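Working through the structure, step by step
Okay, here's what each chain looks like letter by letter:
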Amino acid sequence: MFRLFWADESGLPADDRGLAYGDGLFETIRMVEQKGVLLSRHLERMVRDAGRLGIEVSRRDLANVCVQAAQRFAGRFRGEGWILKLTLTRGSGGRGYRPAPGMEPNLLVSASPLPPMPDIAGEAVDFSKVPLSVNPVLAGIKSLNRIEQVLAAAELGPSLFEVIMADHGGNLVEGTRTNLLLRQSDGWVTPPASSLAVAGVLRQWVLERLRQQGERVSERPVAVDDVLGPDCHGLFLLNSVLGFVPVRTIAGHDLPVDGGLATIFNPLETLE
């Protein structure tokens, strides 16, 4: 079980390990009234990745909180939806990195309006100057340790939708809040999950759907030349809140815009 905190009532305790050390993880879920986009996958990822951090949490308990949150918050938002955020930490503890045995996790639940949706005609992005380091032990986990993304996001200006971060070898990995999917003449390419800071639930869902439809999908490193070269037939940014975002320009270079992915896959079909 966990100690439950509602953000509209109170914050986490001052001795929470998530605040002190980033010792926890989070999920942001797009909601439409009282249903969530890819809700089961969000909950499964939180339970799985919490286990990787040694934090025990029940999927049933998380699902029950989501029901409570939907009843609590849905009436406050109108339009296309709202955002439910679950922040799970190891709990409250004393000074020092070493966690005490048997700690009770803390769960902070908050809600916010849905952000503006991207332009279906494509968005402008750039390459980030901030390299992305991915510890293999933490690969894919949406942990509270997001300082590299914070620094990269500070590069965003009013004309940029996103910046793309590369690893220390120069391979493109992901955006500050998005995963990458590249279309080439012989199929689709995406960086492998083992190289990602966050392995998005929409990324996994769309890869499964593409393969079900007989499309060729390769998970391999993506170089800058793959994106800027002649075999690029489209670059997409994936995010379960924002959906499928075609890239129109990157670092001032025009890219072909293929809107087919957004018409084939509708995340709102996955409301649960």
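Preceding this paragraph is the structure being described.
My aim in this report is to walk through the structure given alongside it, one point at a time. The shown structure was predicted, so the numbers you read here are calculated from the model rather than taken from an experiment.

What counts and what doesn't
Residues numbered from 1 in each chain as written. Predicted model: local features only at pLDDT ≥ 70, side-chain atom pairs only at ≥ 80, totals over all residues. Heavy atoms only, no water. Phe/Tyr/Trp six-rings, centres within 6.5 Å; stacked < 30°, edge-to-face > 60°. Helix = DSSP H or I, 4+ residues; strand = E, 2+ residues; numbered from the N terminus. Buried < 20%, exposed > 50% of the residue type's maximum accessible area, 1.4 Å probe, protein only. Polar contact = N/O pair within 3.5 Å; in protein donor to acceptor, adjacent residues only side chain to side chain. Contact = heavy atoms within 4.5 Å. Pairing = 2+ DSSP bridges. Axes fitted to C-alpha atoms, helices over the stretch in contact; angles between N-to-C directions. Core = buried A, V, L, I, M, F, W, Y, C linked by side-chain atoms within 4.5 Å.

Turning our eyes to something else, we now look at the packing of aromatic side chains. The full count for this structure, using the stated rule, is 5 aromatic pairs. Aromatic pair Y21 and Y97: ring centres 5.1 Å apart, planes at 70 degrees, arrangement edge-to-face. Of this pair, Y21 sits in helix α1 (residues 17–21) while Y97 sits in the loop between β4 (82–89) and β5 (106–113); the two residues are 76 residues apart in sequence, bridging distant segments of the chain. Given a relative accessible area of 27%, Y21 falls into the partly exposed group.

Along the chain, R45 falls in helix α2 (residues 39–52). Overall, the relative accessible area of 4% leaves R45 in the buried class. Within the structure, the side chain of R45 is placed 2.6 Å from the side chain of E27, a separation counted as a polar contact. Once residues within four sequence positions are removed from consideration, R45 is found in contact with E27, A50, K142, V198, A199, G200 and V201.

In this structure, N106 sits in strand β5. A relative accessible area of 0% means that N106 is categorised as buried. There is a polar contact of 2.7 Å between the side chain of N106 and the side chain of D16. Ignoring any residue separated from it by four or fewer positions in sequence, one finds N106 in contact with R3, F5, L12, P13, D16, T87, L88, T89, R90, G91 and S92.

Two strands in a sheet stick together by hydrogen bonds in their backbones, pointing the same way (parallel) or opposite ways (antiparallel). One open sheet holds the 5 strands; their spatial order is β1-β5-β4-β2-β3, and the pairing between them is mixed. Among the strands making up the open sheet, the edge pair consists of β1 (3–6) and β3 (35–36). Examined bridge by bridge, strand β2 (residues 24–32) and β3 share 2 bridges and lie antiparallel to one another. Its bridge partner being in β3, V32 is matched across the sheet by K35. Here α2 sits on the sheet in contact with β2, β3 and β4, set at roughly 175 degrees to β2.

Core analysis: the largest hydrophobic core is formed by 27 residues, its most contacted members being L84, L86, L88, L107 and V109. Elements supplying a minimum of two residues to this core: β2, α2, α3 (59–73), β4 and β5. At 6 residues, α3 tops the list of elements feeding residues into this core. With residues near it in sequence (within four places) discarded, L88 still touches G24, L25, M46, A50, I55, V57, P105, N106 and L107. The next biggest cluster of nonpolar side chains, apart from the first, holds 21 residues, and it includes F161, L182, V189 and V227.

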